[in-house]
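# Close look at the chain arrangement
Read off the chains here:
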Amino acid sequence: QVQLVESGGGLVQAGGSLRLSCAASERTYAMGWFRQALGKEREFVAGIDWSGGVTSYGDSVKGRFTIFRDNAKNMVFLQMISLKVEDTAVYYCTAGAGARLSIVALRNGYWGQGTQVTVSS
């Protein structure tokens, strides 16, 4: 069972930046980030394949968020800039079962406990 631990969440003003980190207990394949705001459904944010060469983003974060990974450290990161109040949510790290990027596989894979990101106006 892969264990995922997120860190880096916190309180930031609108327009600011944060970097989320996710440490995996072992080598993982495709990885990604989802988020869930209070009272809303869980939303895909970003995903990355095993090599790091293929990425995908949710429409609401394109151009502002960047996902990248360090396979030597079994870690994935989410760099967030130009944060908006509507980015406020609990952010979850996920790891899928295959090397190729699949949002379905990420959703059905392993999940971390989440880290809170709060963007104030």
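Below: a short report on this structure.

About the thresholds
Residues numbered from 1 in each chain as written. Predicted model: local features only at pLDDT ≥ 70, side-chain atom pairs only at ≥ 80, totals over all residues. Heavy atoms only, no water. Helix = DSSP H or I, 4+ residues; strand = E, 2+ residues; numbered from the N terminus. Rg over C-alpha atoms; globule rule 2.2 N^0.38 Å. Buried < 20%, exposed > 50% of the residue type's maximum accessible area, 1.4 Å probe, protein only. Contact = heavy atoms within 4.5 Å. Areas by Shrake-Rupley, 256 points an atom, 1.4 Å probe, with all protein chains shown as cover. Lys, Arg positive; Asp, Glu negative; His and termini not counted. Charge placed at Lys NZ, Arg CZ, Asp CG, Glu CD. Pairing = 2+ DSSP bridges. Axes fitted to C-alpha atoms, helices over the stretch in contact; angles between N-to-C directions.

Within the chain one finds 1 helix and 11 strands. For the chain, the N- to C-terminal ordering of α and β elements is β-β-β-β-β-β-β-β-β-α-β-β. In summary, the chain has a C-alpha radius of gyration of 13 Å against a globular reference of 14 Å for 121 residues, a match within 12%. The principal-axis extents of the C-alpha atoms in the chain amount to approximately 40 × 25 × 25 Å. Relative to its full complement of 121 residues, the chain shows a buried share of 41%. Put simply, of all contacts in the chain between residues at least 6 apart along the chain, 59% involve residues at least 24 apart. Summing over all exposed atoms, the chain offers an accessible surface of approximately 6200 Å²; the carbon and sulfur share of this is 49%. Distance between charge centres in the chain, computed from 12 positive and 9 negative side chains, equals 2 Å.

It is worth spelling out the sheet that holds strand β1 (residues 4-7) at this point. By definition, the strands of a sheet pair up through backbone hydrogen bonds, in either a parallel or an antiparallel sense. Within the open sheet, the 4 strands sit side by side as β1-β3-β8-β7. Their pairing is antiparallel. Whereas interior strands pair on both sides, the edge strands pair on one side only; in this sheet they are β1 and β7 (65-70). Going from strand to strand, the sheet's axes swing by 15° on average, the running direction of each strand aside. Alignment of β1 against strand β3 (residues 18-24), held across 4 bridges, turns out to be antiparallel. Residue pairing for β3: L4 is matched across the bridge by A24.

Moving on, we get to the pairing of strand β4 (residues 31-36). Across the 6 residues of β4, 5 count as buried, placing the element largely inside the fold. Looking at chain direction, β4 and strand β5 (residues 43-48) are connected through 5 bridges and run antiparallel. Bridging across to β5, F34 finds its partner in F44. Connecting the antiparallel pair β4 and β5 is a turn made up of 6 residues, with G39 showing a positive phi of about 80°. Where β4 lies against strand β9 (residues 89-95), 6 bridges are found, and the strand directions are antiparallel. The residue bridging Q36 from the neighbouring strand is V90, located in β9.

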